[in-house]
Amino acid sequence: MNAEEIGWNEMKGSGNSIPNIKDVYPDSYLVDYYFSGFNKDYKGMDWESLILVLEEHDGGWYIVAIVHSQWTI
């Protein structure tokens, strides 16, 4: 709840993992609920995202995947 930023068909966080959502769901639309971090001592190295992946089917939009992303070493 209360994400700092919301990415509409855009991933807000980035790290050393290569995102493959568009490879797996090429016709999808994604909504990224991004949190830049929770502990100021970590200087953003504790960012997290909850990403909903949606696809259109028979005139309606359906969630086809729920993805958790976060900072990694």
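Residues numbered from 1 in each chain as written. Predicted model: local features only at pLDDT ≥ 70, side-chain atom pairs only at ≥ 80, totals over all residues. Heavy atoms only, no water.

### Quick notes on the overall build of the protein chain
- Looking only at helices and strands, the protein chain has one helix and four strands in total.
- For the protein chain, the α and β elements follow one another from N to C terminus as β-α-β-β-β.
- Dimensions of the protein chain along its principal axes, counting C-alpha atoms only, are 50 × 25 × 15 Å.
- Here the protein chain, with 73 residues, has 26% of them falling under the buried criterion.
- Looking at the protein chain alone, contacts between residues at least 24 apart form 34% of all its contacts between residues at least 6 apart.
- Approximately 5400 Å² of the protein chain is accessible, and the part contributed by carbon and sulfur atoms is 53%. (Helix = DSSP H or I, 4+ residues; strand = E, 2+ residues; numbered from the N terminus. Buried < 20%, exposed > 50% of the residue type's maximum accessible area, 1.4 Å probe, protein only. Contact = heavy atoms within 4.5 Å. Areas by Shrake-Rupley, 256 points an atom, 1.4 Å probe, with all protein chains shown as cover.)

### Some words on unusual backbone geometry
- For K43, which is not glycine, the phi dihedral falls at a positive 50 degrees.
- On the secondary structure map, K43 appears in the loop between β2 (29-35) and β3 (48-57).
- Residue D58 is not a glycine yet carries a positive backbone phi of 50 degrees.
- One can find D58 in the loop between β3 and β4 (60-70).

### Description of the side chain of D46
- Positionally, D46 belongs in the loop between β2 and β3.
- No salt bridge is formed by the buried D46; the nearest opposite charge belongs to K40, separated by 11 Å.
- Side-chain polar atoms of D46 contact the backbone nitrogen of F38, separated by 2.9 Å.
- Here the side chain of D46 touches N39 through a polar contact of 2.9 Å, landing on its backbone nitrogen.
- Here D46 is in contact with S36, G37, F38, N39 and W71, once residues within four sequence places are set aside. (Lys, Arg positive; Asp, Glu negative; His and termini not counted. Salt bridge = Lys/Arg side-chain N within 4 Å of Asp/Glu carboxyl O. Polar contact = N/O pair within 3.5 Å; in protein donor to acceptor, adjacent residues only side chain to side chain.)

### Some points on the environment of I63
- One can find I63 in strand β4.
- Each C-alpha atom, one on I63 and one on L52, is 6.6 Å from the other, the two residues being eleven residues apart in sequence.
- With residues near it in sequence (within four places) discarded, I63 still touches L52, V53 and L54.

### Concerning the pattern of salt bridges
- Throughout the structure, instances matching the rule amount to two salt bridges.
- In this structure, E5 engages K12 in a salt bridge whose closest nitrogen and oxygen atoms are separated by 3.2 Å.
- Classification of E5 as partly exposed rests on a relative accessible area of 35%.
- Accessibility expressed as a relative area gives 29% for K12, which makes it partly exposed.
- Linking K12 and E10 is a salt bridge whose minimum nitrogen-to-oxygen distance equals 3.7 Å.
- Taken together, the salt bridges that share partners define one network made up of E5, E10 and K12.

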